[in-house]
Amino acid sequence: MTQTFKLLPELFGDGGMADVFSAESTVSAWLRVEAALARAQADAGVLTESDAEAIAGACVLSNIDLERLWREAVNVGYPILPLVRMIAAALPEGPNGRVHYGATTQDIMDSALSLQMGEALDRLLVLLGEFGDALARLVEEHADTVIAARTHAQQAVPTTFGAKIAVLLAEVTRQRERLRAATRTVRIVSLFGAGGTSAALGAQAATVRKGMALRLGLRTTDVPWHVARDGVVEFGVACAGVTATAARFAREVVDLSRTEVAEVREAGGHHRGASSTMPQKANPIGCEAIIGMSGTAGALSSALFRAMEAGHERAAGEWQVEWYVVPQLAELGAGALATAAQVAGGLRVFPQAMRDNLDAEGGLIMAEAYMMRLAPALGRERAHDLVYEAAGRARAERRTLAETLRELATPGDAAVLGELSITPDSYLGDVEAICTAALAAWRKEGVDGE
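From a predicted model like this one, the values you see are computed outputs, not experimental measurements.

### Quick word on the overall build of the protein
The number of helices and strands found in the protein is 18 helices and four strands. Scaling as 2.2 N^0.38, a compact globule of 450 residues should have a C-alpha radius of gyration of about 22 Å, whereas the protein reaches 30 Å, well beyond that. The principal-axis extent of the C-alpha atoms belonging to the protein is close to 105 × 50 × 35 Å. Residues counted as buried form 50% of the 450 residues belonging to the protein. Contacts in the protein between residues far apart in sequence, at least 24 positions, make up 77% of those at least 6 positions apart. Carbon together with sulfur atoms contributes 53% to the accessible area of the protein, which is approximately 21400 Å² in total. Both charge centroids of the protein, one from 42 positive and one from 56 negative side chains, sit 1 Å from each other.

See the structure below:
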């Protein structure tokens, strides 16, 4: 069947994540689970050792006709029945009747999904690490690079570019903790049979399940999760979360690279971000892709909460939501992180433009600093009103805040203000400590999590 072409991941996707959820990898995961099941059953005495090894040996991709598998899966509704028939067809009489013994379709598919989600999270952790390391370098390099902090898109008070990125680095650090927690959650075996009671495997069910989990590198459990999809939701939310964090960085770059701001810019290159009609353009195309992937991931992740509505002991349509959404979320998360790491690693920063923009409104960015200089002597409210009036006059008359304050101040106020020489560099608060703490937490969490 012809596959739908997807432009966004084609241009900005991650090949490693695409491999995790490829058709071949998905079928291979099912085969791996069937092989582990047979060997665990041999360990428990349910199958003979020779039958189990024969079955495991037949669980290889070369025994599966993928085109036929998908064709027959459409008729059945699920792919495991035709898969099992193909495995059995590759076996002699005897072991061919022991394939998939005591299991149900969802046992195989859910255990395989656990393997894939675990592998996907491992890949996301690598990509998140690269993104975080690139941010950490920006924090270190620009811890003292003064820039306007902006609230409600307006200049607020001075900060440093390093401190601005440190806040994002702390968020990335927390996202790494969430990915690791999700990894522990999703790596869990499923083997409870048709109705979740393990009746088909009888007294050996728990032993077989534990052995199968050990062979697959998964956790075991004594409670079925065929319809309990909160773990899958945790995976999806983790994917969407890291994508949104990447988008917050991308949005910052887009806003700071506006022509009128021009404080940062994505890495350049011949025709990078070029327009087909406007030769001067160098669009922030990496950031645009990240924002697009995040918007899509956020919307897709909400579908997984519908999958949690599955009733009784088996879903009737809700499970199928995951078949489409889970691979897409992983793909979007990986693409966003990989692109964010590239943008952060090549980001061009323009300290002089940042410094120039601090004077965009004649020093109004220092209004809070002046208010706090006056507040101990005048009281906060009087100081606020004085600076507020001076700021309004400065903006209306296109003059500096220092000038209008000098005109409005009483002789006593003027004495408190001194020479009105408060500079952005003198009103940076704890930016150094913020950068130091963010870097230390990133590095510590990285070491502790290894």
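### Quick notes on the nonpolar core
Core analysis: the largest hydrophobic core is formed by 99 residues, its most contacted members being Phe131, Leu135, Phe161, Phe235, Phe249 and Tyr370. Contacts of phenylalanine 131, omitting those with residues within four sequence positions, involve Leu168, Val172, Ala246, Phe249, Leu337, Ala340, Ala341 and Ala344.

### Focus on a nonpolar patch on the surface
Taken together, Phe5, Leu7 and Leu11 make up a surface patch of nonpolar side chains, about 350 Å² in accessible area. Take leucine 11: it is sitting in helix H1 (residues 7-12). For leucine 11, a relative accessible area of 55% translates into the label exposed.

### Comments concerning the environment of arginine 314
Positionally, arginine 314 belongs in the loop between helix H11 (285-307) and helix H12 (318-346). By relative accessible area, which is 28% here, arginine 314 ends up partly exposed. Residues arginine 314 and arginine 443 lie 129 residues apart in sequence; the distance between their C-alpha atoms is 44 Å. Apart from the residues lying within four places of it in its own chain, the contact partners of arginine 314 are Thr104, Gln106, Gly193, Ala194, His226 and Val227. A distance of 3.1 Å separates the side chain of arginine 314 from the side chain of glutamine 106, its partner in a polar contact. Among the polar contacts listed, one links the side chain of arginine 314 to the backbone oxygen of glycine 193, at a separation of 3.5 Å.

### Remarks on the packing of helix H10 (residues 230-256) against H12
Put simply, H10 and H12 touch, their axes get as near as 9 Å, and they point 30 degrees apart. Comparing their axes, H12 and H10 come out roughly parallel. H12 is crossed by H10, and the crossing has left-handed handedness. In this structure, H10 contributes Val232, Phe235, Gly236, Cys239, Val242, Thr243, Ala246 and Phe249 to the contact, and H12 contributes Glu322, Val326, Leu329, Ala330, Leu332, Gly333, Ala336, Leu337, Ala340, Val343 and Ala344. Of the residues that constitute the contact of H10 with H12, the class distribution is 15 nonpolar, three polar and one charged.

### Digging into H12
With 29 residues, H12 extends 43 Å from end C-alpha to end C-alpha; this agrees with the ideal 42 Å at 1.5 Å per step. Of all the bends in H12, the greatest, near 30 degrees, is centred on valine 325, and the proline proline 327 appears no more than four residues after it. Counting buried residues in H12 gives 21 out of 29 residues, a clear majority hidden from the surface.

### Overview of the pairing of strand S1 (residues 146-151)
Both S1 and strand S2 (residues 154-160) contribute to a ladder of five bridges, which runs antiparallel. Paired with valine 146 across the bridge in S2 is threonine 160. Remark: two residues form the turn of the hairpin made by S1 and S2, two consecutive strands paired antiparallel; histidine 152 in that turn has positive phi of roughly 55 degrees.

### A short note on the pattern of salt bridges
The tally for this structure, following the rule as stated, stands at 24 salt bridges. Among the salt bridges present, the one from arginine 399 reaches glutamate 407, with a minimum N-O distance of 2.2 Å. What makes glutamate 407 partly exposed here is its relative accessible area of 44%. Via salt bridges that share partners, Arg393, Glu397, Arg399, Glu403 and Glu407 belong to a single interconnected network.

Analysis parameters
Residues numbered from 1 in each chain as written. Predicted model: local features only at pLDDT ≥ 70, side-chain atom pairs only at ≥ 80, totals over all residues. Heavy atoms only, no water. Helix = DSSP H or I, 4+ residues; strand = E, 2+ residues; numbered from the N terminus. Rg over C-alpha atoms; globule rule 2.2 N^0.38 Å. Buried < 20%, exposed > 50% of the residue type's maximum accessible area, 1.4 Å probe, protein only. Contact = heavy atoms within 4.5 Å. Areas by Shrake-Rupley, 256 points an atom, 1.4 Å probe, with all protein chains shown as cover. Lys, Arg positive; Asp, Glu negative; His and termini not counted. Charge placed at Lys NZ, Arg CZ, Asp CG, Glu CD. Core = buried A, V, L, I, M, F, W, Y, C linked by side-chain atoms within 4.5 Å. Patch = residues over 30% accessible without salt bridge, like charges linked within 9 Å, V, L, I, M, F, W, Y side chains within 5 Å. Salt bridge = Lys/Arg side-chain N within 4 Å of Asp/Glu carboxyl O. Polar contact = N/O pair within 3.5 Å; in protein donor to acceptor, adjacent residues only side chain to side chain. Axes fitted to C-alpha atoms, helices over the stretch in contact; angles between N-to-C directions. Parallel < 35°, antiparallel > 145°, perpendicular 65-115°, else oblique. Left-handed = near helix turned anticlockwise from the far one by under 90°. Nonpolar A, V, L, I, M, F, W, Y, C, P; charged D, E, K, R; others polar. Expected span 1.5 Å × (residues − 1). Bend = angle between axes of the 7 residues up to and from the residue. Pairing = 2+ DSSP bridges.

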